[in-house]
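Summary of the model geometry
What follows is the residue order along each chain.
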Amino acid sequence: LNTVDAGFCIGKVFHCAGNLGDEIVTNMELAQMINHKIGGEAEIIEEPYEAGELIDGIPIEFEVDRTYTNKILNWMPKYSLRKGLGETISWIKNNLWRYES
């Protein structure tokens, strides 16, 4: 299937996000995972939610539905969240030189 030429795909959204096992975490949990992966050196400061992040005083939850993407493209994540974070952090550490002045 060439999705570029497939007329039925026009106007459709393909969500290519998520992680193997569809682990859902809060922003704070994600920050703690990252901090753990980098050696626990960062101070994580929890701030109050901003007005647009709450509905009736309850934090908004976001969840990506990639059902359509799975069906049409036969796409699934290859990494768990923790493995993907580890690979990303490793890549950043090995490539910091690219961003130095």
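To be clear, the structure that these remarks concern was listed above.
Throughout what follows, the structure given in this document is the object of discussion.

Calculation rules
- Residues numbered from 1 in each chain as written.
- Predicted model: local features only at pLDDT ≥ 70, side-chain atom pairs only at ≥ 80, totals over all residues.
- Heavy atoms only, no water.
- Helix = DSSP H or I, 4+ residues; strand = E, 2+ residues; numbered from the N terminus.
- Expected span 1.5 Å × (residues − 1).
- Contact = heavy atoms within 4.5 Å.
- Buried < 20%, exposed > 50% of the residue type's maximum accessible area, 1.4 Å probe, protein only.
- Axes fitted to C-alpha atoms, helices over the stretch in contact; angles between N-to-C directions.
- Parallel < 35°, antiparallel > 145°, perpendicular 65-115°, else oblique.
- Left-handed = near helix turned anticlockwise from the far one by under 90°.
- Nonpolar A, V, L, I, M, F, W, Y, C, P; charged D, E, K, R; others polar.

Further remarks concern helix α3 (residues 81-95). Spanning 15 residues, α3 covers 21 Å between terminal C-alpha atoms, matching the ideal 21 Å at 1.5 Å per step. Taken together, the buried residues of α3 touch α1 (27-37).

Time to look at the environment of E63. Looking at where E63 falls in the secondary structure, it is placed in the loop between β2 (58-59) and α2 (67-73). Overall, the relative accessible area of 67% leaves E63 in the exposed class. Sequence separation between E63 and G11 is 52 residues; the distance between their C-alpha atoms is 20 Å.

This next bit is on the packing of α1 against α3. Where α1 contacts α3, the two axes come as close as 10 Å, and the packing angle between them is 50 degrees. Of the possible angle classes, the one that applies to α1 and α3 is oblique. Crossing of α1 over α3 shows right-handed handedness. Along the contact surface, α1 presents L30, M33, I34 and K37, while α3 presents L81, R82, L85, G86, I89 and K93. Looking at the contact of α1 with α3, its residues break down into 6 nonpolar, 1 polar and 3 charged.

Keep in mind these values describe shape, not function.
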